[in-house]
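Architecture and fold: a report
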Amino acid sequence: MLTFIGLGLYDERSITVEGREALADADRAFAEFYTSHLVGATVEELEAYHDIGIEVRDRAGVEQDPEPILDAAEDDHVAFLTAGDTMISTTHVDLRLRAEERGIETRLVHGVTAQSAASGLTGLQNYRFGKAVTLPFPYVHGGDPVPKSVVDSLEANRELGLHTLVYLDIKVDWEGRRGVEVDGDQYMTADYAAELFAEHWDGDALGVAVCRAGSPDPVVAADRLSALAERDFGEPLHMLVIPGEVHHVEADALSALGGAPEELFDDEN
């Protein structure tokens, strides 16, 4: 059996009770942290808290060489762990389909997602979010600082009055390409993302920084993108939301929870 378990957003305690019970029932555990990352806990802390050894696989180890995971699941109960919710990445869907093709029973135990946390923390209604985008580090793709595909999706959402959740790039154990060498792990910050949007899209637009969702000290800050670019939001992980049409209840929430200047909503609406 292969059980996919979402670990939640922050540390070893962010997992659901159902997820913890499923992990305790497993014989072996694998994990990947390239699609997202628990910044509040190391692998060693996860292992100690859940009393199980965890074999961390890199991207190639899941996408190109899943056989060790599948072979283990043919004989034992295997847990496959990810940060956030499971099945968010197509890589995980592919692994599940491969297991099903081999007659391996699969099960999903969901965790809290970054998208639901962004909605809850900001007060922006979940059903009013459009297509989410990922903002990569410019050195990764070598093109425009804000890729045209990101701008196109953002503006398409805004034309419909919808909010855009911007996932910010993470590079964990990234091997330098395009002549760029990366020293250690890299996490894009909300102020850096706001600066890119302010300089290469619209600095007057409303933005909302969402930082360390799921931690004991999450931060929400709403202001013009140009203003957010001047702030320091501390440790990762960060997200950025660019609202579309803001309902008056959402405006009240952004003012109360994110310190948004009231005049912004007159400009936006």
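Nothing here was measured: the structure is a model prediction, and the numbers come from that model. (Residues numbered from 1 in each chain as written. Predicted model: local features only at pLDDT ≥ 70, side-chain atom pairs only at ≥ 80, totals over all residues. Heavy atoms only, no water.)

**Quick notes on the pattern of salt bridges**
Under the convention used in this document: By definition, a salt bridge exists where a carboxyl oxygen of Asp or Glu is found within 4 Å of a side-chain nitrogen of Lys or Arg. Per-residue accessibility, obtained with a 1.4 Å probe over protein chains only, is compared with the maximum for each type, and a residue is labelled buried under 20%, exposed over 50%, and partly exposed between these values. Only DSSP runs of H or I covering at least 4 residues are called helices, and only runs of E covering at least 2 are called strands; the numbering of each starts at the N terminus.
Using the criterion set out here, one finds 11 salt bridges in the structure. Between Arg57 and Asp65 there is a salt bridge, with its nearest N and O atoms 3.7 Å apart. Under the relative-accessibility criterion, Arg57 is labelled buried at 19%. The partner of Arg102 in a salt bridge is Asp71, with the nearest N and O atoms 2.7 Å apart. Of this pair, Arg102 sits in the loop between α5 (90-101) and β5 (106-109) while Asp71 sits in helix α4 (residues 67-75); the two residues are 31 residues apart in sequence, bridging distant segments of the chain. Beyond isolated ion pairs, a larger network of salt bridges with shared partners links Glu67, Asp71, Glu74 and Arg102.

**Some words on the pairing of strand β1 (residues 2-6)**
Note the following rule: By the convention used here, strands pair only if DSSP detects at least 2 bridges between them.
Across the five residues that make up β1, a large majority, five, are buried. Across the two faces of β1 the burial is the same, with Leu2, Phe4 and Gly6 and Thr3 and Ile5 all buried. As judged from the five bridges shared by β1 and strand β4 (residues 78-82), these two strands associate in the parallel manner. Residue pairing in the sheet places Leu2 in a bridge with Val78 of β4. Alignment of β1 against β5, held across four bridges, turns out to be parallel. Bridge pairing in β5 links Phe4 to Leu108.

**Some thoughts on the UniProt feature "binding site: S-adenosyl-L-methionine" (unreviewed entry) in the protein chain**
As a reminder of what qualifies: UniProt positions are given in the numbering used here, feature names are shortened, and annotations may be inferred rather than shown by experiment. Contact criterion: two residues are considered in contact whenever any of their non-hydrogen atoms come within 4.5 Å of each other.
Mapped onto this numbering, the UniProt entry annotates "binding site: S-adenosyl-L-methionine" (unreviewed entry) at Leu9, Asp85, Ile88, Thr113, Ala114, Leu168, Ala213 and His238. Residue placement: Thr113 occurs in the loop between β5 and α6 (114-122). Residue contacts for Thr113: discarding those within four places in its chain leaves Leu9 and Asp85. Following the sequence through the fold, Leu168 ends up in strand β7 (residues 164-168). What Leu168 contacts, discounting residues up to four positions off in sequence, is Leu135, Met188, Thr189, Ala190, Ala193, His238, Met239 and Leu240.

**Quick look at the environment of Asn126**
The residue Asn126 is located in the loop between α6 and β6 (133-135) in this model. Taking the relative accessible area as the measure of exposure, Asn126 reaches 44% and is therefore partly exposed. Sequence separation between Asn126 and Ala253 is 127 residues; the distance between their C-alpha atoms is 14 Å. Among residues more than four places away in sequence, those in contact with Asn126 are Gln115 and Ser119.

**Observations regarding the domain arrangement of the protein chain**
Many descriptions give the size of an interface as the accessible area lost when the pieces come together. How we decide: Residue ranges for the domains trace back to a domain assignment, done automatically or taken from a database. As used here, buried area is the combined drop in accessible area, with a 1.4 Å probe, of two parts when they are placed together. N or O atoms closer than or at 3.5 Å make up a polar contact, with two conditions inside protein: a donor-capable atom paired with an acceptor-capable one, and, for residues adjacent in sequence, both atoms drawn from side chains. Just so you know the grouping, Ala, Val, Leu, Ile, Met, Phe, Trp, Tyr, Cys and Pro go in nonpolar, Asp, Glu, Lys and Arg go in charged, and all remaining residues, Gly too, go in polar.
By the assigned domains, the protein chain splits into domain 1 (2-109) and domain 2 (114-264). Computed over C-alpha atoms, the centres of domain 1 and domain 2 are 28 Å apart. With six residues of domain 1 at the interface, the matching set in domain 2 holds 11 residues. Buried area between domain 1 and domain 2, both sides added, is near 770 Å², and the carbon and sulfur share of it is 70%. Between domain 1 and domain 2 we count zero salt bridges in total. Between the two partners, domain 1 and domain 2, sit one residue pair in polar contact (both at pLDDT 80 or more). A per-class count over the side of domain 1 that touches domain 2 returns four nonpolar, two polar and no charged.

**Some remarks on α6**
What α6 keeps buried is the set Ala117, Ala118, Ser119 and Thr122. On the buried face of α6, the contacting elements are β7, β10 (206-211), β11 (219-224), β12 (238-242) and α11 (248-258). Positive backbone phi, at 85°, marks Gly123, one or two positions downstream of α6.

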